[in-house]
Amino acid sequence: MSAPVIGIVMGSDSDWPVMEEAAKALDEFEVPYEVDVVSAHRMPREMVAYGENAADRGLKAIIAGAGGAAHLPGMLASVTPLPVIGVPVPLKYLDGMDSLLSIVQMPAGVPVATVSVAGARNAGLLATRILAAHDAGLQSRMREFQSELNAQATEKGKRLRA
Ligand code: RP5
């Protein structure tokens, strides 16, 4: 088992059904990752420690998901130099708009790369692309993945036209 290079964290284990898609995407590219619950509101000290130590522990990026008053991605971004990808998790009310706006509206100087509501798969793919910028093998696999997407979409068009 290689050491994890991506951290997947979330505010609660109730976020896992959404966040699992990030893990699956990383699995497809054989990117080693770790998973944990690090709640900004219920575990603030642990959350700060996670962000402060992440780079020294060898992580290259953090995927952070949270719902409602979703402060986890932004707060992590404020204490780590690593890229943080935020995943808005939709809860029972407000259709995830609360989560989305809480994550995306960051002040200048503290970036969070926010994916769509429940867009954890894209968070996993974006983290893979970040790693692939310095990894020729991974970049070539990403190109293959993109070719497959293209072929699938082309096939759908062919079926409709037939
Ligand atoms: C947020 O509160 C979590 O990220 C989760 O989306 C939401 C609800 O958490 P639970 O009450 O299900 O633990 O901080």
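What you are looking at is a predicted structure, and each value in this text was computed from that prediction instead of being measured.

### Regarding the overall build of the protein chain
Helix and strand counts for the protein chain stand at six helices and five strands. Each helix and strand of the protein chain, ordered N terminal to C terminal, gives the series β-α-β-α-β-α-β-α-β-α-α. Against the 2.2 N^0.38 benchmark of 15 Å for 162 residues, the protein chain shows a C-alpha radius of gyration of 16 Å, consistent with a compact globule. When the backbone C-alpha atoms are referred to their principal axes, the protein chain occupies close to 55 × 40 × 30 Å. Going through the 162 residues of the protein chain one by one, you find that 36% of them count as buried. Within the protein chain, contacts between residues at least 6 apart in sequence are counted, and of these 68% link residues at least 24 apart.

### Side note on unusual backbone geometry
Phi angles above zero are rare outside glycine, and Leu-94 is one such case at about 70°. In this structure Leu-94 comes out as partly exposed when scored by C-beta crowding, with 13 C-beta atoms within 10 Å. Look at Ala-118: it is not a glycine, yet its phi comes out positive at around 65°. Within the fold, Ala-118 resides in the loop between β5 (113-114) and α5 (120-132).

### Considering the site of the ligand
With respect to spatial proximity, the complete set of residues near the ligand consists of Met-10, Gly-11, Ser-12, Ser-14, Asp-15, Ser-39, His-41, Ala-66, Gly-67, Gly-68, Val-89 and Leu-91. When its residues are assigned to classes, the shell around the ligand shows four nonpolar, seven polar and one charged.

### Comments concerning the sheet that holds strand β4 (residues 84-89)
The parallel open sheet is built from five strands, whose spatial order is β2-β1-β3-β4-β5. Each of the sheet's edge strands pairs with one partner strand only, and the pair in question is β2 (33-37) and β5. Examined bridge by bridge, strand β1 (residues 6-10) and β2 share five bridges and lie parallel to one another. Paired with Gly-7 across the strands is Glu-34, a residue of β2. Together, β1, β3 (61-67) and β4 form the strand contacts of helix α3 (residues 72-79), whose direction differs from that of β3 by roughly 150°. Here α5 sits on the sheet in contact with β1, β3, β4 and β5, set at roughly 165° to β3.

### Digging into the nonpolar core
One finds Ala-22, Ile-63, Ala-64, Leu-72, Ile-85 and Val-87 to be the most contacted residues of the largest nonpolar core, which totals 40 residues. Taken together, the elements giving at least two residues each to this core come down to β1, α1 (16-28), α2 (44-53), β3, α3, β4, α4 (97-104) and α5. A total of six residues in this core trace back to one element, the largest contributor, which is α1. Leu-72 has contacts with Val-9, Gly-11, Val-38, Ala-40, Met-47, Ala-64 and Ala-66, leaving out every residue within four places of it along the chain.

### Structural notes on the UniProt feature "binding site: substrate" (unreviewed entry) in the protein chain
UniProt's feature table lists "binding site: substrate" (unreviewed entry) at Ser-12, Asp-15 and Arg-42, given in the numbering used throughout. Within the element layout of this structure, Ser-12 appears in the loop between β1 and α1. Non-local contacts of Ser-12, meaning those with residues more than four positions away in its chain, are made with Val-37 and Ser-39. Here Arg-42 is to be found in the loop between β2 and α2.

Reading the values: rules and limits
Residues numbered from 1 in each chain as written. Predicted model: local features only at pLDDT ≥ 70, side-chain atom pairs only at ≥ 80, totals over all residues. Helix = DSSP H or I, 4+ residues; strand = E, 2+ residues; numbered from the N terminus. Rg over C-alpha atoms; globule rule 2.2 N^0.38 Å. Buried ≥ 20, exposed ≤ 12 C-beta atoms within 10 Å, placed from the backbone. Contact = placed C-beta atoms within 7 Å. Near = placed C-beta within 6 Å. Nonpolar A, V, L, I, M, F, W, Y, C, P; charged D, E, K, R; others polar. Pairing = 2+ DSSP bridges. Axes fitted to C-alpha atoms, helices over the stretch in contact; angles between N-to-C directions. Core = buried A, V, L, I, M, F, W, Y, C linked by C-beta atoms within 7 Å. UniProt positions renumbered as here; feature names shortened; annotations may be inferred.

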